[in-house]
Amino acid sequence: MAESTGHIIAITGGVGGAKLSLGLADLLADGQLDVLVNTGDDFGHMGLHICPDVDTLLYTLAGRSNTKLGWGLEGESWNVMDALSELSGDTWFRLGDKDLATHLWRTQALASGLNLAEVTTALARHLGVAAKVHPMTQDPVRTIVHSEEGDLPFQHYFVRRHCEPQVRGFFFEGIESARPNEAVIQLLSAGVVEAVIICPSNPFVSIDPVLQVPGMWRALQACAAPVIAVSPIVAGHAIKGPAAKMMRELGVPATALAVAQYYGQRYPGLLDYFVIDDSDAILADSIRALDINVAITPTIMRTRKDKQDLARFVLQLVGQ
Ligand code: FO1
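To start, this report covers the structure provided alongside it. Everything numeric here is computed off the predicted structure, so don't read it as measured data.

1. Thoughts on the site of the ligand
The ligand sits among 13 residues. The nearest are Asp41, Asp53, Phe93, Arg94 and Gln155. Within the contact set of the ligand, an oxygen atom lies 2.8 Å away from a backbone nitrogen or oxygen of arginine 94. For the ligand, the accessible surface in isolation is 530 Å², of which the surrounding protein chains cover 87%. Listing elements by their share of the shell around the ligand, those giving two or more residues are α2 (52–61) and α6 (154–160). Per-element tally for the shell around the ligand: the top contributor is α6, with four residues.

Listed below in structure tokens is the structure:
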């Protein structure tokens, strides 16, 4: 499909964004797709450096993701977790035997002096991923959930507490001193980017951390390329994850319109297009009133063809 060789930057968190990234990777030429990934979910666990969103994206692009669980590798076994459980060890965060190799490899590579971008590039190469995968920053940023029960580190809220505590807000520890991914900033300033796609990931805990790395959203806004966001909310529901629940708890209706309003207020002038699902067509005029162009198409990605169709639709918006 790709006639041009300009770069497409996709910004993503975990599952939903990884699906659209796979559709884009299927359509674009090698070297054309750059994916900028949230690392606010990263954490240290049992001595390992774990990057859940980076790994979900890498495994998805490699065709090896565990689609049933939504994280980890397909065909996984759990011998280490079973043995750990016998030792009364920490098993709330489940690391499959094969997935563990990724965390061991990453932890050792970081300890040997490679930075997170280099480690991610090497992992992508080993997994046969052609797209360039960029962590949003090399620096530690950790999402903290302000909840009714006090502050919770993200994985404790998400996995250990199954997203049950009501949320009051979010905080990205370390973000003030985080430096934006250098390769992406260079692409943006070199004028070689043809479109920026904000994938249908959670606006608060997947997209916000990326955009709030100092300098990042202004660099996206300053580049000439159009910025297109795909709504993670369809007919009042998040396809996966707690986005809709979070919106309700924050006192915002769980609608695609509210997501567009949120992006519009937080990042004025950033969005050129907002893509909504057919089932939300009734919201189009209210979104246009925010001075954002609206595009309507099926956005639920169950099959590989769904992913490619949505990717094609988004690319056609920018004449690709
Ligand atoms: N999510 C879970 O709900 N339970 C788990 O035990 C779990 C383990 C896990 C291990 C490695 C990994 O890369 C991701 C893992 N996830 C697990 C998913 C992950 O915590 C979340 O999906 C993301 O952080 C949210 O985007």
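Next, the rest of the story.
2. Considering the nonpolar core
Ile9, Ile11, Ile198, Leu211, Tyr263, Phe274 and Ile287 are the most contacted members of the largest nonpolar core, which has 59 residues in total. Here this core gets seven residues from one element, more than from any other, and that element is helix α11 (residues 256–266). The residues touching isoleucine 198, leaving out its near neighbours within four places in the chain, are Ile11, Ile207, Leu211, Val227, Ile228, Ala229, Val230, Tyr263, Leu270 and Leu271. Core analysis: the next-biggest nonpolar cluster, separate from the first, contains 39 residues, Val37, Leu57, Tyr59 and Val230 among them.

3. What about the sheet that holds strand β7 (residues 150–153)?
Hydrogen bonds between backbone groups are what pair the strands of a sheet, and the pairing can be parallel or antiparallel. Read from one edge of the open sheet, three strands run β7-β6-β8, paired in antiparallel fashion. The open sheet is flanked by β7 and β8 (167–173), the only strands paired with a single partner. Recorded for the sheet is a direction-independent mean angle of 25° between the axes of neighbouring strands. When strand β6 (residues 142–147) meets β8, the two strands line up antiparallel, connected through six bridges. Residue pairing across strands places valine 145 opposite phenylalanine 170, the latter belonging to β8.

The rules behind the values
- Residues numbered from 1 in each chain as written.
- Predicted model: local features only at pLDDT ≥ 70, side-chain atom pairs only at ≥ 80, totals over all residues.
- Heavy atoms only, no water.
- Near = heavy atom within 4 Å.
- Polar contact = N/O pair within 3.5 Å; in protein donor to acceptor, adjacent residues only side chain to side chain.
- Areas by Shrake-Rupley, 256 points an atom, 1.4 Å probe, with all protein chains shown as cover.
- Helix = DSSP H or I, 4+ residues; strand = E, 2+ residues; numbered from the N terminus.
- Core = buried A, V, L, I, M, F, W, Y, C linked by side-chain atoms within 4.5 Å.
- Buried < 20%, exposed > 50% of the residue type's maximum accessible area, 1.4 Å probe, protein only.
- Contact = heavy atoms within 4.5 Å.
- Pairing = 2+ DSSP bridges.
- Axes fitted to C-alpha atoms, helices over the stretch in contact; angles between N-to-C directions.

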